[in-house]
Amino acid sequence: MKRDRVEVHSLHHTLHQGHGTVHPAGSQAKVLLTSVFGPYAQDDEFGSRKLNPMELYHNQVTRTQGPFSLRMFHRSWGLMLIQANIAAPCTVLDFPVLDRFIEELKNNRYDIIGITGITPNVLKVKHMCKLVRKHQPWATIVIGGHVANIPDLHLQADADHVVRGEGVRWFRGFLGEDTDRPLRHPIVKSGIGTRNLGVEVYDKPGDVAATLIPSVGCPLGCNFCSTSAMFGGKGKCIHFYKTGDELFDIMCQIEREMNIQSFFVMDENFLLHRRRALRLLELIEQHDKAWPIYVFSSAKIIRSYTIDQLIRLGVSWVWMGIEGRNSQYAKLDGIDTLELVKELQSHGIRVLGSTIIGLEDHTPENIDDAIEHAARHDTDFHQFMLYTPIPGTPLHAELTAKGIMKDESEFDQADIHGQHVFNYRHQHIKDGQEGEFMTRAFDRDFQRNGPSTMRIVRTTLAGWRRYKNHPDPRVRRRYEWEARELGTTFSAAVKAAQLYYRHDPAMHAKMTALLKELYREFGWKSRFFGEVGGRWVLGRIRREEKRLAAGWTYEPPTFYERNAAVTDRPEVELCRYATPPERSAVSYQQSVVSCQPEAVAVH
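Residues numbered from 1 in each chain as written. Predicted model: local features only at pLDDT ≥ 70, side-chain atom pairs only at ≥ 80, totals over all residues. Heavy atoms only, no water.

Draft legend 1. Structural context of the layout of surface pockets. By volume, the largest pocket is sized at about 1,300 Å³. Taken together, 40 residues line the largest pocket, and the ones lying closest to its centre are Leu70, Thr194, Val201, Glu485 and Phe490. Every element with two or more residues in the lining of the largest pocket is listed here: β8 (192-196), α17 (452-467), α18 (473-482), α19 (489-500) and α20 (505-549). Residue classes in the lining of the largest pocket are distributed as 23 nonpolar, 10 polar and seven charged. (1 Å grid on protein atoms, 1.4 Å probe; cavity = no way out; pocket = protein on both sides within 12 Å on 5 of 7 lines; lining within 4 Å. Points joined across faces, edges and corners; volume = space filled by probe spheres on them. Helix = DSSP H or I, 4+ residues; strand = E, 2+ residues; numbered from the N terminus. Nonpolar A, V, L, I, M, F, W, Y, C, P; charged D, E, K, R; others polar.)

Draft legend 2. Up close: the side chain of His470. Among the structural elements, His470 can be located in the loop between α17 and α18. Side-chain polar atoms of His470 contact the backbone nitrogen of Asp472, separated by 3.0 Å. If we skip the residues at most four places from it in the chain, His470 touches Val475 and Arg476. (Polar contact = N/O pair within 3.5 Å; in protein donor to acceptor, adjacent residues only side chain to side chain. Contact = heavy atoms within 4.5 Å.)

Draft legend 3. Highlighting the environment of Gln427. Mapped onto the fold, Gln427 is located in the loop between α15 (394-402) and α16 (433-449). Between the C-alpha atoms of Gln427 and Asp361, which are 66 residues apart in sequence, the distance is 8.5 Å.

Draft legend 4. Inspection of the packing of aromatic side chains at higher detail. Applying the stated criterion across every chain, the model contains 26 aromatic pairs. Relative to Phe46, the ring of Phe37 has its centre 5.2 Å away and its plane inclined at 85°; by these criteria the two rings are edge-to-face. Take Phe37 and Phe46: they sit in the same class, and that class is buried. These aromatic residues form a ring-pair network of at least three members: Tyr57, Trp77, Phe264, Tyr294, Phe296, Trp317, Trp319 and Phe381. Above the plane of the ring of Phe559 lies Arg75, whose end atom (NZ or CZ) is 4.1 Å from the centre. One Lys or Arg, Lys124, reaches over the ring of Phe37 and ends 5.2 Å from the middle of that ring. (Phe/Tyr/Trp six-rings, centres within 6.5 Å; stacked < 30°, edge-to-face > 60°. Buried < 20%, exposed > 50% of the residue type's maximum accessible area, 1.4 Å probe, protein only. Lys NZ or Arg CZ within 6 Å of the ring centre and 35° of its normal.)

Draft legend 5. Representation of α16 within the structure. With 17 residues, α16 extends 24 Å between its outermost C-alpha atoms, agreeing within 8% with the 24 Å of an ideal straight helix rising 1.5 Å per residue. Every buried residue of α16 is accounted for by Glu434, Gly435, Phe437, Met438, Ala441, Phe442, Asp445, Phe446 and Asn449. Each element contacted by the buried residues of α16 is listed here: α2 (56-60), β16 (350-357), α14 (367-376), β17 (381-386), α17 and α20. One or two positions beyond α16, positive phi appears at Gly450, with a value near 85°. (Expected span 1.5 Å × (residues − 1).)

Draft legend 6. The arrangement of the nonpolar core in detail. Counting residues in hydrophobic clusters, the biggest one holds 89 residues, and the most contacted among them are Ile254 and Phe263. Of all the elements, helix α9 (residues 244-258) adds the most residues to this core, at seven residues. The contact partners of Ile254, leaving out residues within four places of it in the chain, are His185, Ile187, Ala210, Thr211, Leu212, Asn259, Ile260, Phe263 and Ala578. By size, the runner-up hydrophobic cluster in this structure holds 34 residues, among which are Leu32, Val122, Ala148 and Ala159. (Core = buried A, V, L, I, M, F, W, Y, C linked by side-chain atoms within 4.5 Å.)

Draft legend 7. Region of the structure containing the sheet that holds strand β15 (residues 315-323). The strand order across the open sheet built from six strands is β10-β13-β14-β15-β16-β17, with neighbouring strands paired in parallel fashion. Every interior strand has two partners, whereas the edge strands, β10 (210-212) and β17, have only one. Between one strand axis and the next, the sheet turns through 20° on average, direction left out of account. Of the pairings in the sheet, the one linking β16 to β17 comprises six bridges and is parallel in character. In the strand pairing of β17, Leu352 is matched with Phe381. (Pairing = 2+ DSSP bridges. Axes fitted to C-alpha atoms, helices over the stretch in contact; angles between N-to-C directions.)

Draft legend 8. Quick look at the confidence of the model for the protein chain. A residue-level look at the protein chain finds 91% of positions with pLDDT of 70 or above and a mean pLDDT of 90. Across residues 1-19, where pLDDT falls below 50, the model places 30 contacts with residues more than four positions away in sequence or in other chains. A low-confidence stretch, residues 584-589 stays under pLDDT 50, and its non-local contacts, those more than four residues away or across chains, total 19 contacts. (pLDDT = per-residue confidence, 0-100.)

Draft legend 9. Structural view of the sheet that holds strand β18 (residues 559-562). The sheet built from seven strands is open, its strands ordered β6-β5-β4-β1-β3-β18-β19 with mixed pairing. The open sheet has two edge strands with one neighbour each: β6 (161-162) and β19 (573-574). Taken together, the two bridges between β18 and β19 define a ladder with parallel strand orientation. Within β19, the position partnered with Arg562 by the bridge is Leu574. The strands touched by helix α5 (residues 122-135) are β1 (31-35), β4 (112-116) and β5 (140-144); relative to β5, the strand with the most contacts, the crossing angle is about 170°.

Draft legend 10. View of the pairing of β16. The buried fraction of β16 amounts to eight of the eight residues, a majority that puts the element mostly inside the structure. Where burial is concerned, the two faces of β16 agree: the one with Arg350, Leu352, Ser354 and Ile356 and the one with Val351, Gly353, Thr355 and Ile357 are both buried. Each parallel crossover has a hand, and the one from β16 via α14 to β17 is right-handed. (Right-handed = clockwise from strand over helix to strand, strands pointing away.)

Draft legend 11. Looking closely at a nonpolar patch on the surface. A cluster of nonpolar side chains, Trp524, Phe528, Phe529 and Val532, forms an exposed patch at the surface whose accessible area comes to about 480 Å². Secondary-structure assignment places Phe528 in helix α20. Classification of Phe528 as partly exposed rests on a relative accessible area of 47%. (Patch = residues over 30% accessible without salt bridge, like charges linked within 9 Å, V, L, I, M, F, W, Y side chains within 5 Å. Areas by Shrake-Rupley, 256 points an atom, 1.4 Å probe, with all protein chains shown as cover. Salt bridge = Lys/Arg side-chain N within 4 Å of Asp/Glu carboxyl O.)

Draft legend 12. Looking closely at the pattern of salt bridges. Applying the stated criterion across every chain, the model contains 44 salt bridges. Across the pair Arg75 and Asp94 runs a salt bridge, and its minimum N-O distance is 2.7 Å. Note that Arg75 is positioned in the loop between β2 (71-73) and α3 (77-84) and Asp94 in strand β3 (residues 90-94), a separation of 19 residues in sequence. For the pair Arg75 and Asp94, a shared accessibility class is recorded, and that class is buried. Across the pair Arg440 and Glu436 runs a salt bridge, and its minimum N-O distance is 2.6 Å. With Arg440 and Glu436 both in helix α16, this residue pair falls four residues apart, about one helical turn. For Glu436, a relative accessible area of 39% gives the class partly exposed. Through salt bridges with shared partners, a single ionic network connects Asp368, Glu372, Glu436, Arg440, Arg444 and Arg448.

Here it is in structure tokens:
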């Protein structure tokens, strides 16, 4: 059942504006939501790339750290959010291999099939559409995620609807459900399959943070940011939970359900929404919660809070844009990021800095200075990404208007993942130099500052020493929890690193100094774990090093889950979610807001 391309485009446009029809089956429609198929960490004809695995940290943060690289996977949270918030029977198939996706199409009938992916996944999305037409020609195909921002995707993929932006409201409308009812929050771990130093981390209850999604979109609207563009652009965002009270209620439910201690806050600039954050702080203190929270925030917004507020709120990890020396982004105006990073770390707040390679003024002659500026920050982690105009962003529109975007015949869309090649003609960087500059940046940071895991130990130890005797018992409990393995597991890890670097005088000295600090702070226990456990960990590091050198890659497991409306397959795991607080009466229509007034206030 090949659909007429013009008709599909017209229907998409109508629905995107909110005036579409409802699926004939309404809330009785059977829905499958799926991520693109794997394997992911290999080079193949479907657009998988070994350089772009399904691992956020190893992909773009610790890429050249070998056995010291942090390895983990993150679920497709958007699919889980939609599944938890529609009344129709919905199944999620996350990280399937191709044969598993085909098996699902052959064995279970669906009325609607939703596929999500990022821009480099476009070939996989197209292939999955073909498979759906072959095996379930009656099904309505919906494409979402960042891949939906490709302007002519409706001409490339045989789908019925290409949905840009937030998907819960769209699916509710298409199913004839109430689009404005409050949001259920999925119950989900922030990371799965964690591995480091050749050791697989077996999570004990409470060890892994829960994912918390208060809002989507970033109102600061940097010109390269596809997430900001996807959810309304500069000055706009979508709040799922507008108040600190609503957010606290959800966090308490997640804490009880998962028996967790910490939260990874998936919000592009969580601290920007000051009233919500400060009200959350009030409630945390009233109810004696010692939650560590891991947030994304711009430097300027961080500076609008006192260190005391950050510590009391529980901020223990910040992902912060450094972008590049002399970058013109307002979020960095007047901020000495070198000083800010040092100050945060002195209070035990771990920092993941983010730097752009390939800004307009970068040249082969000055790129080493730009890389050195990033490495000088000595952040606990450091992300490097190419300055890339993703479809839908202001940067893409600007470079298109200038006529410097490359024709699609000049590059492979699967390689435009921010780590390899430009999709436009850079004024100064030519002939594929950008890929080598990226590797140089990762190497420089690693060689200068050492393994990120050891930097985490250093910063956590600094926080413990500073706050272990804090007068507020709630603050003390948080730092005690974060430092709980410094005298055991992490003492062994640092000792292993010291042994590993015995032929590298500078790095050996750095590891030795850190190890002495651990021994001094935690005494015989730290020495025992260091001397005995360190040699065992070193063996695991050596083993992992050999596996990686032989071409070993990691792939995520497949997840298969249903919501409560799926009653005919009780053997399939049931998704879990937190229910919205009763006081939450904010509608989705009201939640798409301009955030500019509050942003101005905190600036």
